[in-house]
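Observations on the three-dimensional arrangement
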Amino acid sequence: MNQSDPNTLHGARDAERVELALAAGAIVGTWFWDIPRDNVTIDDALAEAFGLDPSVVRGDLRLDEIIEYVHPEDRSGLKAAIEEAVRRGGRYAHAYRTLGKDREYRWIEAIGRVDLDRDGKAVGFPGVLIDIEERRRIEAERDQAQTLLRSFVESAPGVMYAKDRQGRILIGNRGTTELIGRAPEAYIGRTDAELLGDAAQAAAVMTTDERIMSSGRAEQLEEEVSFPDGRRAWWLSTKAPLRDVDGTVNGLVGTSLDITDRKAAEARHQEIEERYRLAARATNDAIWDWRMADGHVIWNEALTTLFGHPESETDANWWIDHIHPDDRARIDSQIHAVIEGDGSVWTGEYRFERVDGSYAAVLDRGTVLRNAAGEPVRMIGAMLDLSAIKAAEAALMQSEERLRLATDAGDMGFWDVDLVHNALIWPPRTKAMFGISADVDVSLSDFYDGLHPQDRDATSAAFDAAADPARRAFYDVEYRTVGKEDGVVRWVAAKGRGLFEGDRCLRVLGVAIDVTKRKRADARLQELNEELESRVRAEVAERTRVEDALRQSQKMEAVGQLTGGIAHDFNNMLAAVVGPLDLLASRLKDHPDPRTKRYIDMAIDGASRAAQLTQRLLAFSRQQPLQPVPVDANRLIAGMSDLLAHSLGSSVRLQTDLAGGLWATHVDANQLENVILNLAVNARDAMPGGGRLTITTANCSIEPGTADAPADVPPGRYVRLTVSDDGAGMPPEVMAKAFDPFYTTKKVGKGTGLGLSQVYGFVRQSAGQVRMASEVGQGTVVQIWLPRLEGGADVAAPADVEATLPLHGHQELILVVDDEPAVRQFSTDALTELGYRVLAADGAARALQLLDAHPDIALLFTDVVMPEVNGRQLADAALKRRPDLKVLFTTGNSRNTLVQDGVLDAGVQLIGKPFTVDALATRMAAVLGVTPDA
């Protein structure tokens with residue numbers, strides 16, 4: 001063939017085009033590029049696809065003109081592929097986007113071949129264009145589906161995998177990789193026998209897989225697996241056959257979830273059930289398990305052992321029928337009150353019929369088990385036979401009566417300490433040795449508290465030795481007592497022994513004799529004979545006094561912390577009582593019922609007195625938030641004259657001696673008024689027959705080293721307030737405890753013992769000092785030293801305390817935040833009654849959400865002490881969002897959240913718990929700037 005003949009060359013090119021078209025399919029058109037002349041020839045189909053006139057472009061195109069129809073992003077890649085094909089020759093294939101006659105880009109693939117001459121120079125480049133748009137779409141969908149499948153498998157919890165018919169792993173997720181301990185490329189295509197180190201485990205897994213693939217049915221089973229790091233776990237596995245499009249099983253797919261914790265919980269449950277069964281068999285109590293649904297009751301063997309009944313299963317009516325007729329209604333009512341209410345524990349004593357018809361005294365205890373909805377499901381309990389105990393108690397009473405008669409005859413007092421029940425038995429004679437009335441109940445704390453501080457350690461050590469099973473010492477001591485009610489110091493000689501049961505001391509009992517007269521006689525004789533030793537004793541006594549003062553200070557601080565915590569919790573509880581009672585009273589004004597009003601008034605009065613008690617506790621513990629202002633004590637005392645005269649009565653004369661030019665002091669004026677009133681009332685009570693109460697003021701400067709300066713008062717300038725009376729006075733032992741909380745010499749119900757402790761707490765919290773001097777029959781003097789207010793601050797005039805009408809809101813939106821549901825509900829109801837719109841939240845997170853959702857919230861009313869985020873932190877976060885937001889705090893005790901050194905922070909608005917509706921209305925109006933209603 002003559003290669004240079006144009007006709008021959010043209011025929012060869014046509015043949016090549018046909019061959020390529022047949023091989024490719026979906027042809028768009030064909031081309032031939034004469035490379036040396038850069039002449040591109042395209043067929044009519046290709047020209048039509050590009051929107052070109054075949055008669056115009058045939059045989060008259062250059063390569064660059066064709067490339068102009070290629071997508072701009074694909075041109076550089078196309079040029080590089082053509083250059084590479086021209087350089088090396090041979091087959092060429094490349095995919096790119098071209099512009100069609102519809103002016104849209106489509107994906108095509110160019111397939112051709114570059115011909116080289118004998119010198120290796122490219123001379124011709126024939127080829128075809130194939131439309132691959134549909135193929136590209138299918139490939140994209142395939143890639144997306146594969147990506148989705150890989151993501152699903154990787155994110156699935158636990159283990160997910162697929163295997164072929166021979167058990168080789170085809171795919172596995174991250175859980176599979178962790179279980180096998182190798183990378184996917186190390187386990188894909190391999191079986192469990194090749195991968196798992198535990199041959200037995202691998203064989204079991206493959207046997208299960210083969211069974212599922214052979215049966216063609218999915219299974220769910222539990223498998224124990226071993227991890228490469230030695231851990232063992234339980235998996236809940238679901239395995240199913242993997243089928244092809246024809247339904248033929250060609251492998252297996254499976255998923256596994258770790259149920260190790262559930263298996264452990266089941267094992268613990270079984271262990272608990274076994275312990276319960278063994279405990280029921282081991283105890284001497286008759287254990288019962290009552291199923292509420294059908295009344296079925298299961299008993300342990302003790303029902304037969306204790307009471308002779310052969311039954312092991314009964315119904316609830318059988319138990320009721322065997323209760324003594326006189327006890328039956330009471331027990332039936334009590335147990336159903338617990339079951340049908342919201343209680344969980346029931347206890348009752350009654351007589352239970354034995355199989356022989358006699359009755360045994362029993363103590364029965366039961367616990368109600370409820371479902372998630374609070375409905376009773378079961379009740380489990382234990383019945384203790386008290387017959388032997390009751391008999392022993394009767395015998396003990398008889399022995400105690402004999403002992404009483406014997407000790408009375410010998411002018412002795414006996415004592416009996418029951419260590420099992422932590423109880424103390426004292427007859428009136430023994431109580432008298434500790435200054436306690438005959439009808440007052442006593443406990444072990446009365447014994448230890450009544451011991452003289454100097455004798456407490458030795459006496460306690462002797463008692464411990466007598467109760468020690470290893471020593472079993474004879475208790476033989478002499479000690480002093482300080483009368484609880486009269487403060488009198490007495491000497492007591494006591495002897496006794498412990499009663500033991502094996503290595504356990506059950507009781508320590510003995511006798512006591514008042515040897516005060518003998519001790520006084522011995523003391524007088526020793527004083528006459530040992531003058532030198534008396535001086536030594538005086539020095540020791542002074543040291544003891546100092547140590548006692550230190551212990552007293554430490555005790556006061558510890559008790560203050562305790563009472564402050566109690567007051568805080570009690571205030572929170574009272575908030576859910578005082579407020580709702582106040583609301584209830586308001587609601588009943590339109591429908592008066594004298595009896596109901598009387599009951600409500602009684603409840604409000606009791607709750608108010610409890611609130612006053614907690615306020616005194618806070619004052620003593622120095623945890624009340626103070627609002628100090630410059631105060632002129634003379635003006636304050638003068639303004640109290642009517643109040644003092646009314647409180648003192650006509651039998652007590654009030655005299656005031658107010659110093660001229662008195663300095664100002666910086667204190668909470670209301671609290672200072674309470675202090676003066678407390679001292680005045682105490683003085684009045686010390687003068688039952690009448691007398692004189694004197695209040696004086698003075699400026700005092702204490703310089704360092706001043707000889708006549710009061711003991712323990714730091715140097716400085718003070719305003720001194722003195723309250724004195726000419727009443728009964730106090731002995732030293734009583735005065736030493738005067739500031740102790742709950743200590744009082746008044747009769748039961750006549751005083752709380754918190755008046756002077758409140759004085760002490762307020763003065764110390766105000767950086768002041770308080771001192772007391774008293775003599776029996778000469779009266780009492782109390783001095784209060786308050787630091788002078790330095791600088792020229794103006795003294796505030798006394799506040800106007802005239803009552804105002806209740807204030808009502810004008811539909812302002814209030815956000816109430818409190819973690820106590822009852823207090824939150826009351827606050828919501830009270831504010832609604834007062835004419836406000838209310839939103840409520842149980843914590844800071846919900847409150848901030850509501851604040852963002854309701855821009856018309858005018859005021860945030862929040863509790864201070866809340867878990868996680870307290871009220872102060874919530875207010876700070878809210879004010880960052882809404883700088884103009886009003887904030888009112890409420891608390892039972894600020895616990896330093898709103899105060900610095902006991903003083904309320906500037907600008908803070910606070911209402912203490914508990915509060916009434918009127919108090920809340922007044923405070924809300926003050927914070928919002930509302931005026932009283934007309």
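Residues numbered from 1 in each chain as written. Predicted model: local features only at pLDDT ≥ 70, side-chain atom pairs only at ≥ 80, totals over all residues. Heavy atoms only, no water.

Comments concerning the nonpolar core
Definition in use: Remark: nonpolar core denotes a set of buried residues (Ala, Val, Leu, Ile, Met, Phe, Trp, Tyr, Cys) joined through side-chain atoms within 4.5 Å. Burial status follows relative accessibility: with a 1.4 Å probe on protein chains alone, a residue under 20% of its type maximum counts as buried, one over 50% as exposed, and anything between as partly exposed. Runs of H or I in DSSP of at least four residues are treated as helices and runs of E of at least two as strands, each being numbered from the N terminus. Note on contacts: a residue pair is in contact if any heavy atoms of the two residues lie within 4.5 Å.
Ranked by size, the top nonpolar core spans 35 residues in total, and within it Leu672, Ile676, Leu679, Leu693, Leu721 and Ile784 carry the most contacts. Breaking this core down by element, the ones donating at least two residues are helix 22 (633-639), helix 23 (641-648), helix 24 (669-685), strand 25 (691-702), strand 26 (716-725), helix 26 (755-765), strand 27 (769-775) and strand 28 (779-787). No other element matches the six residues that helix 24 contributes to this core. Dropping the residues within four chain positions of it, Leu679 is found in contact with Val723, Leu756, Val759, Val782 and Ile784. Within the second largest apolar cluster, 26 residues are counted, among which are Trp33, Phe50, Leu52 and Tyr92.

Section: the pattern of salt bridges
For side chains of opposite charge, pairing can occur when their charged atoms come near one another. The line we're drawing: Salt bridge, as used here, is a side-chain nitrogen of Lys or Arg placed within 4 Å of a carboxyl oxygen of Asp or Glu.
Under the criterion given, the structure shown has 36 salt bridges. For Arg684, the salt bridge goes to Asp685, with nearest N and O atoms at 3.1 Å. With its nearest N and O atoms 3.4 Å apart, the salt bridge here joins Asp856 to Arg837. Taken together, the residues span a long stretch of sequence, with Asp856 in the loop between helix 28 (844-853) and strand 31 (857-863) and Arg837 in strand 30 (residues 837-841) at a distance of 19 residues.

Notes on the side chain of Asp289
Our working definition: Under the rule applied, a polar contact is a pair of N or O atoms within 3.5 Å (in protein, one hydrogen donor and one hydrogen acceptor; residues adjacent in sequence only if both atoms are side-chain atoms).
Relative to the helices and strands, Asp289 resides in strand 11 (residues 286-291). Residue classification places Asp289 among the buried residues on the basis of a relative accessible area of 13%. Within the structure, the side chain of Asp289 is placed 2.3 Å from the side chain of Arg378, a separation counted as a polar contact.

Some words on the packing of helix 27 (residues 821-833) against helix 30 (residues 917-928)
The condition is simple: For every element, the axis is a line fit to its C-alpha atoms; helices are fit only across the contacting stretch, and the angle between N-to-C directions ranges from 0 to 180 degrees. Just so you know how the angles are binned, under 35 degrees is roughly parallel, over 145 roughly antiparallel, 65 to 115 roughly perpendicular, and the rest oblique. A crossing counts as left-handed when the near helix is turned anticlockwise from the far one by less than a right angle, and as right-handed when that turn is clockwise. Three residue categories are used. Nonpolar comprises Ala, Val, Leu, Ile, Met, Phe, Trp, Tyr, Cys and Pro, charged comprises Asp, Glu, Lys and Arg, and polar comprises the others, including Gly.
The contact between helix 27 and helix 30 brings their axes to 10 Å, and the two run at 70°. Judged by the angle between their axes, helix 27 and helix 30 are roughly perpendicular. The handedness of the crossing between helix 27 and helix 30 comes out as right-handed. Packed against helix 27, whose contacting residues are Phe826, Ala830 and Leu831, the element helix 30 presents Val917, Leu920 and Met924 at the interface. When its residues are assigned to classes, the contact of helix 27 with helix 30 shows six nonpolar, no polar and no charged.

Some points on helix 23
Test applied: Directions are taken from the helix axis to each C-beta atom, and the arc is the one they span.
For helix 23, every residue scored as buried is listed here: Leu644, Ser647 and Leu648. For helix 23, the angular spread of buried residues about the axis comes to 90°, placing them on one side. Set apart from the buried face of helix 23 by more than 90 degrees, the exposed residues are Asp642 and His646. Considering only its buried residues, helix 23 is in contact with strand 23 (652-657), helix 24 and strand 25.

Notes on the pairing of strand 11
This is how the line gets drawn: Two strands form a pair only when DSSP identifies at least two bridges running between them.
For strand 11, the buried fraction is high: five of the six residues fall into the buried class. Pairing of strand 11 with strand 16 (residues 376-385), which is carried by six bridges, proceeds in the antiparallel orientation. Residue pairing in the sheet places Trp290 in a bridge with Met379 of strand 16. Both strand 11 and strand 12 (residues 296-299) contribute to a ladder of four bridges, which runs antiparallel. Note that in strand 12 the partner of Arg291 across the bridge is His296.

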